[in-house]
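As a plain string of letters, each chain reads:
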Amino acid sequence: QVQLVESGGGLVQAGGSLRLSCAVSGRIFISHIMGWFRQAPGKEREFVATTSWSGANSFYADSVKGRFTISRDKAKNTLYLQMNSLKPEDTAVYYCTVRSAGGIYYSSSIGWDYWGQGTQVTVSS
């Protein structure tokens, strides 16, 4: 069993930055894949970024590449999403997720083992 708790969301002006955190508890191994997804009102859940718990590689959606950075601190059991140059279209609920199999190059929201409760990010223009 794995528990994920996101924090760090909020209201920010366009061009600003936020860092989301995801506290991870339970049995996590370096082979686990960690991800961030987001969901705006009336839209489907959308892939943002993935990394392995080992942190060896990362994979990003084209819409956030160069602006967002996914990372993890194994000592703190925490996954992060640093978001810079935020745009109004980044407004969404952001979710942390984990799965025990597969690689990082997987952008579907189906097939993940655990999800956090989400944290709201609102970017004003």
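Residues numbered from 1 in each chain as written. Predicted model: local features only at pLDDT ≥ 70, side-chain atom pairs only at ≥ 80, totals over all residues. Heavy atoms only, no water.

Colleague: Just checking my understanding: could you explain the side chain of His32 for this structure?
Modeller: Counting through the fold element by element, His32 comes out in the loop between strand E3 (18–26) and strand E4 (33–39). Dropping the residues within four chain positions of it, His32 is found in contact with Arg27, Thr51, Ser52, Trp53, Val98, Arg99 and Ser100. (Helix = DSSP H or I, 4+ residues; strand = E, 2+ residues; numbered from the N terminus. Contact = heavy atoms within 4.5 Å.)

Colleague: What's the story with the environment of Thr69 in this structure? I'm lost.
Modeller: On the secondary structure map, Thr69 appears in strand E7 (residues 68–73). Leaving out residues up to four positions away in the same chain, Thr69 has contacts with Tyr60, Tyr80, Leu81 and Gln82.

Colleague: Any chance you could explain the state of the cysteines here in plain terms?
Modeller: A disulfide bridge is the covalent bond that connects two cysteines by way of their sulfur atoms. Counted under the stated rule, the structure contains one disulfide. Across the disulfide from Cys22 sits Cys96; the S-S distance is 2.1 Å. Its S-S torsion of about -75° marks the bond between Cys22 and Cys96 as left-handed, since a negative value means left-handed. Taken together, the positions of Cys22 in strand E3 and Cys96 in strand E9 (residues 92–99) put the pair 74 residues apart, joining distant regions of the chain. (Disulfide = S-S within 2.5 Å.)

Colleague: How do you make sense of the packing of aromatic side chains when you look at a structure like this?
Modeller: Pairs of aromatic rings are described using the distance from one ring centre to the other and the angle between the two planes. Within the structure shown, the criterion is met by seven aromatic pairs. An angle of 65° between the planes, with centres 5.4 Å apart, marks the rings of Phe37 and Trp115 as edge-to-face. Note that Phe37 is positioned in strand E4 and Trp115 in strand E10 (residues 114–115), a separation of 78 residues in sequence. Owing to a relative accessible area of 0%, Phe37 belongs among the buried residues under this scheme. (Phe/Tyr/Trp six-rings, centres within 6.5 Å; stacked < 30°, edge-to-face > 60°. Buried < 20%, exposed > 50% of the residue type's maximum accessible area, 1.4 Å probe, protein only.)

Colleague: Sorry, what's going on with the pattern of salt bridges here?
Modeller: Opposite charge on two side chains allows them to pair when their charged atoms are near. Applying the stated criterion across every chain, the model contains four salt bridges. One salt bridge connects Glu46 with Arg38, and the closest N-O pair in it is separated by 2.7 Å. A salt bridge links Arg38 to Asp90; the nearest nitrogen and oxygen atoms lie 2.9 Å apart. Of this pair, Arg38 sits in strand E4 while Asp90 sits in the loop between strand E8 (78–83) and E9, and the two are 52 residues apart along the sequence. Residues joined by salt bridges that share partners form a network here, namely Arg38, Glu46, Arg67 and Asp90. (Salt bridge = Lys/Arg side-chain N within 4 Å of Asp/Glu carboxyl O.)

Note that all results are geometric; they support no functional claim without further evidence.
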